[in-house]
Amino acid sequence: MDRTLAADLARLPELLDATRAAAADALATLDARPVVPPAPSVPPAGQAHAPEGLPEHATGTDAALDAFRDRWEPRLSASAGPRYLGFVTGGATPAALAGDWLTAVHDQNSNSTLDGGGQDLERETVGWLRELFGLSAAHCGTFVSGATMSNTTGLAIAREWLGERLGVSPADDGAAALGPVRVLSGAPHSSIGKALSVLGLGRNSLVRVPTLPGREAVDPAALERALADTPGPAVVVANAGTVNTVDFDDLRAIQALRERHDFWLHTDAAFGAFAALSPEHAPLVDGLDASDSVCVDLHKWLNVPYDSAVQFTRRQDLQARVFQNSAAYLGPLGEDPDLVHLTPENSHRLRALAAWFTLRAYGRQGHREIVERDIACARALGAAVAEDPALTLLAPVRLNVVCFTLAEAPTPARLTALREAVAGEVFVTPTVLEGTAGLRAAFSNWRTTQADVRRAAEALGAAAREIA
């Protein structure tokens, strides 16, 4: 064994203590650090941040930790903190962080019953999540890396369902065996087009259906007309929480269309599924269980570390047909497929452990409190924006996202200036809603409080008045 590696092994408890201290320091200073550090200045030579060469000789974990804290940590955003409101980004609850550390410690590839503890833990966790979101036992679930992979997996199963309807198997014969395919959706997330590209169905198979006036929710009457114009079976992608305005399709109305039309219903509920935890907002996801496949992203509102999502489906048999991996060392497919046969990944870290920890530690009520507090924070920021003459809301605050813009001349350049001016205090991301450039603040972090809302609102208002 390399001498430095052997020395690190001998000092492992001490090194883990040093790492724990570094982690504790980083988390303790989240509130004081810039949410997004300013861009580093680059001297004329342009070499300040050029990549370093690969070290030739061992220096040990102590030196690596020092180098990371000196060179990289100051440039990392405070995305785990309470005022990182860009995208839809959670943090990591204390229990989820503990679970993630132990995921690395035990280093399980939890894909096979040949080493089955990890699979059993994942299945237990999936059962808890299914209950959390109000899904029935007809849904089977599998952990994947994020919403994009969850949507891709769900649409891969939908592709095989289309083949079943047409008497072919795209998994065996290729997507071309299906002929033309139409995937209908009102306001699909960008990952839907990406998934269709990956699956060989093509981005052009996505047909945008008109939405309700002033909404991002699909118009059920327009969807029925589109289905009537679609030859053969189709795929419908419903939205349970759009990115810009957290709008929800009427899942019950869409389900009712199946009485007259043949389609697979995939619901993208990446973060909207968490509305089920709040009695006030649970009606937004009424009918979610009727979906054939469902996407839920866990590193959003469940507040587990990246990367983590879950994919649910009623047709695990078709899922295994798509993703089965025939290799003697993996064992037979069986009636209850190993996880290796259910996603594109052969290697599958024990992502479920962080989710198991936070669900075990805080239960339904603890996570309901996070969801409801974030919703209250979003409402408070929305109210502050509505009262500020320099800002204006672009949409009602339906759940946990505030979509807003400058009251005057909301050009992309001026909004970029606003976003950059407040980046040290609050991070928001750009968007465009019905042709108007805007910004969006998404609340999904377990640390965020009303005090953070006040800081964010004051920073945004002051910067907006300065720009005006």
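For the structure, check the block above.
Rules used throughout
Residues numbered from 1 in each chain as written. Predicted model: local features only at pLDDT ≥ 70, side-chain atom pairs only at ≥ 80, totals over all residues. Heavy atoms only, no water. Helix = DSSP H or I, 4+ residues; strand = E, 2+ residues; numbered from the N terminus. Rg over C-alpha atoms; globule rule 2.2 N^0.38 Å. Buried < 20%, exposed > 50% of the residue type's maximum accessible area, 1.4 Å probe, protein only. Areas by Shrake-Rupley, 256 points an atom, 1.4 Å probe, with all protein chains shown as cover. 1 Å grid on protein atoms, 1.4 Å probe; cavity = no way out; pocket = protein on both sides within 12 Å on 5 of 7 lines; lining within 4 Å. Points joined across faces, edges and corners; volume = space filled by probe spheres on them. Nonpolar A, V, L, I, M, F, W, Y, C, P; charged D, E, K, R; others polar. Pairing = 2+ DSSP bridges. Right-handed = clockwise from strand over helix to strand, strands pointing away. Salt bridge = Lys/Arg side-chain N within 4 Å of Asp/Glu carboxyl O. Axes fitted to C-alpha atoms, helices over the stretch in contact; angles between N-to-C directions. Parallel < 35°, antiparallel > 145°, perpendicular 65-115°, else oblique. Left-handed = near helix turned anticlockwise from the far one by under 90°. Contact = heavy atoms within 4.5 Å.

Engineer: Tell me about the overall build of the protein, and name the residues and values.
Structural biologist: Scanning the protein for helices and strands turns up 15 helices and 11 strands. A compact globule built from 468 residues would reach a C-alpha radius of gyration of about 23 Å, and the protein, at 24 Å, matches this within 12%. The dimensions of the protein, computed from C-alpha atoms along their principal axes, are 65 × 60 × 50 Å. The proportion of buried residues among the 468 residues of the protein is 48%. Here the protein has roughly 20800 Å² of accessible surface; of this, 55% comes from carbon and sulfur atoms.

Engineer: Tell me about empty space enclosed by the protein, and please be specific about residues and values.
Structural biologist: Applying the stated criterion across every chain, the model contains one cavity of 30 Å³ or more. For the largest cavity, the calculated volume is near 40 Å³. Lining the largest cavity are Asp-100, Val-304, Pro-305, Tyr-306, Asp-307, Ser-308, Arg-349, Arg-351 and Ala-354. By residue class, the composition of the lining of the largest cavity is four nonpolar, one polar and four charged.

Engineer: Tell me about the pairing of strand E5 (residues 263-268), residues and numbers included.
Structural biologist: The buried count for E5 comes to six of six residues, which makes it a mostly enclosed element. The side-chain alternation of E5 yields two buried faces, one formed by Phe-263, Leu-265 and Thr-267 and the other by Trp-264, His-266 and Asp-268. In this sheet, E5 lies alongside strand E4 (residues 234-239) in parallel orientation, the contact comprising six bridges. Looking at the pairing, Val-236 lines up with Leu-265 of E5. Running through helix H10 (residues 251-256), the crossover from E4 to the neighbouring parallel element E5 is right-handed. Two elements, E5 and strand E6 (residues 293-297), share three bridges in a ladder whose sense is parallel. Note on E6: the bridge partner recorded for Thr-267 is Val-294.

Engineer: Any chance you could break down the pattern of salt bridges for me, citing the residues and the numbers?
Structural biologist: What the rule picks out here adds up to 29 salt bridges. Taking the shortest distance from any N to any O, the salt bridge between Arg-165 and Asp-262 comes out at 2.9 Å. Taken together, the positions of Arg-165 in helix H6 (residues 147-166) and Asp-262 in the loop between H10 and E5 put the pair 97 residues apart, joining distant regions of the chain. Here Arg-258 makes a salt bridge to Asp-292, at a shortest N to O gap of 2.3 Å. Of this pair, Arg-258 sits in the loop between H10 and E5 while Asp-292 sits in the loop between E5 and E6, and the two are 34 residues apart along the sequence. Residue Arg-258 is classed as partly exposed on the basis of its relative accessible area, which comes to 24%.

Engineer: I'd love a proper account of the packing of helix H13 (residues 352-387) against helix H15 (residues 450-467), names of residues and values included.
Structural biologist: As a packed pair, H13 and H15 sit with axes 9 Å apart at the nearest point and diverge in direction by 25 degrees. Considering their axes alone, H13 and H15 lie roughly parallel with respect to each other. Once H13 is placed against H15, the crossing between them reads as right-handed. The residues of H15 that touch H13, namely those facing Ala-376, Cys-377, Ala-380, Leu-381 and Ala-384, are Gln-450, Val-453, Ala-457 and Leu-460. Of the residues in the contact of H13 with H15, the class split is eight nonpolar, one polar and no charged.

Engineer: If you had to explain the layout of surface pockets to someone new, which residues and values would you point to?
Structural biologist: Of the pockets and cavities examined, the largest pocket occupies roughly 930 Å³. In terms of lining residues, the largest pocket is bounded by 31 residues, among which Ala-23, Ala-26, Leu-27, Ala-80 and Leu-97 are the most central. For the lining of the largest pocket, the secondary-structure elements that each account for two or more residues are helix H2 (12-28), helix H3 (61-71) and helix H4 (94-106). Considering every element that reaches the lining of the largest pocket, the biggest residue donor is H2, with five residues. For the lining of the largest pocket, the residue count by class is 18 nonpolar, eight polar and five charged. Of the voids in this model, the second largest pocket is the one considered here, and its volume is about 610 Å³. Around the second largest pocket, the lining is made up of 31 residues, and of these His-189, Ser-190, Ser-191, Val-243 and Lys-300 lie nearest the centre. For the lining of the second largest pocket, the per-class residue count stands at 11 nonpolar, 14 polar and six charged.

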